[in-house]
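Inside the fold
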Amino acid sequence: NFGIDNICANVSIFWAVKSAQASMRIYHEFYWNDLNVMRNLKVPTVPVAVSNFPHEIIHVTKFVTKSTFHNLKQFTYHSRGGHFAHIDNTEAVVEDLLSFINKIN
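Just so you know, these numbers come straight off a predicted model, no measurement behind them.

**Digging into the overall build of the chain**
A tally of regular secondary structure across the chain gives six helices and two strands. Listing every helix and strand of the chain by position from the N terminus yields α-α-α-β-α-β-α-α. The buried share among the 105 residues of the chain stands at 16%. For the chain, long-range pairs separated by at least 24 residues make up 64% of all intrachain contacts whose partners lie at least 6 apart in sequence.

Laid out in structure tokens, this is it:
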């Protein structure tokens, strides 16, 4: 679903604002560091919402999500989208955000 113009625009934005390194840090920590670092992270107690897209790189079930995030307020499966869902399924992301905000307010 991504045209070459869209891909180039996103890469350019990451490059221009020098945020590519920050966005890649979590992947580096997860894949290259000791996994115990990730296992020992504190679980947030704030309200949590999860959007699950079919073409995401890693899929997490609702059962696992609920057992990890004890204050899970919303878990949504979507019919399309993936790792860049904010680009190729913008409407679903906005709907999820608005729904979550309404649930916690």
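**Some points on the packing of aromatic side chains**
Using the criterion set out here, one finds one aromatic pair in the structure. Between phenylalanine 75 and tyrosine 77, the aromatic rings sit 5.0 Å apart at their centres with planes inclined by 70 degrees, giving edge-to-face as the arrangement. On the accessibility criterion, phenylalanine 75 (12% relative accessible area) is buried. Accessibility expressed as a relative area gives 54% for tyrosine 77, which makes it exposed.

**What to know about the pairing of strand E2 (residues 72–77)**
In the sheet, strand E1 (residues 48–52) pairs with E2 via five bridges, with the strands oriented parallel. Pairing of asparagine 52 across the sheet is with tyrosine 77, part of E2. With respect to chirality, the unit in which E1 leads through helix H4 (residues 62–68) into the neighbouring parallel E2 is right-handed.

**Topic: the pattern of salt bridges**
Taken as a whole and assessed by the stated rule, the structure comprises one salt bridge. Arginine 80 is the partner of glutamate 91 in a salt bridge, and the nearest nitrogen-oxygen pair spans 3.5 Å. Of this pair, glutamate 91 sits in helix H6 (residues 90–104) while arginine 80 sits in the loop between E2 and helix H5 (85–88), placing them eleven residues apart in sequence.

**Describing a nonpolar patch on the surface**
Side chains of Ile57, Ile58, Val60, Phe63 and Val64 sit close together on the surface and give an oily, nonpolar patch of about 500 Å² of accessible area. With respect to the helices and strands, valine 64 occurs in helix H4.

**Looking at the layout of surface pockets**
Size it by volume and the second largest pocket reaches roughly 200 Å³. As for the second largest pocket, its lining consists of 13 residues, of which Val50, Ser51, Phe53, Val93 and Asp96 are closest to the centre. Secondary-structure elements contributing two or more residues to the lining of the second largest pocket are E1 and H6. The element that contributes the greatest number of residues to the lining of the second largest pocket is H6, accounting for four residues. Classifying every residue of the lining of the second largest pocket gives seven nonpolar, four polar and two charged.

**Here we look at the confidence of the model for the chain**
Summary statistics for the chain give a mean pLDDT of 81 and a share of 75% for residues scoring 70 or more. The secondary-structure element of the chain with the lowest mean pLDDT is helix H3 (residues 35–39), recorded at 58, while E2 shows the highest, at 95.

About the cut-offs
Residues numbered from 1 in each chain as written. Predicted model: local features only at pLDDT ≥ 70, side-chain atom pairs only at ≥ 80, totals over all residues. Heavy atoms only, no water. Helix = DSSP H or I, 4+ residues; strand = E, 2+ residues; numbered from the N terminus. Buried < 20%, exposed > 50% of the residue type's maximum accessible area, 1.4 Å probe, protein only. Contact = heavy atoms within 4.5 Å. Phe/Tyr/Trp six-rings, centres within 6.5 Å; stacked < 30°, edge-to-face > 60°. Pairing = 2+ DSSP bridges. Right-handed = clockwise from strand over helix to strand, strands pointing away. Salt bridge = Lys/Arg side-chain N within 4 Å of Asp/Glu carboxyl O. Patch = residues over 30% accessible without salt bridge, like charges linked within 9 Å, V, L, I, M, F, W, Y side chains within 5 Å. Areas by Shrake-Rupley, 256 points an atom, 1.4 Å probe, with all protein chains shown as cover. 1 Å grid on protein atoms, 1.4 Å probe; cavity = no way out; pocket = protein on both sides within 12 Å on 5 of 7 lines; lining within 4 Å. Points joined across faces, edges and corners; volume = space filled by probe spheres on them. Nonpolar A, V, L, I, M, F, W, Y, C, P; charged D, E, K, R; others polar. pLDDT = per-residue confidence, 0-100.

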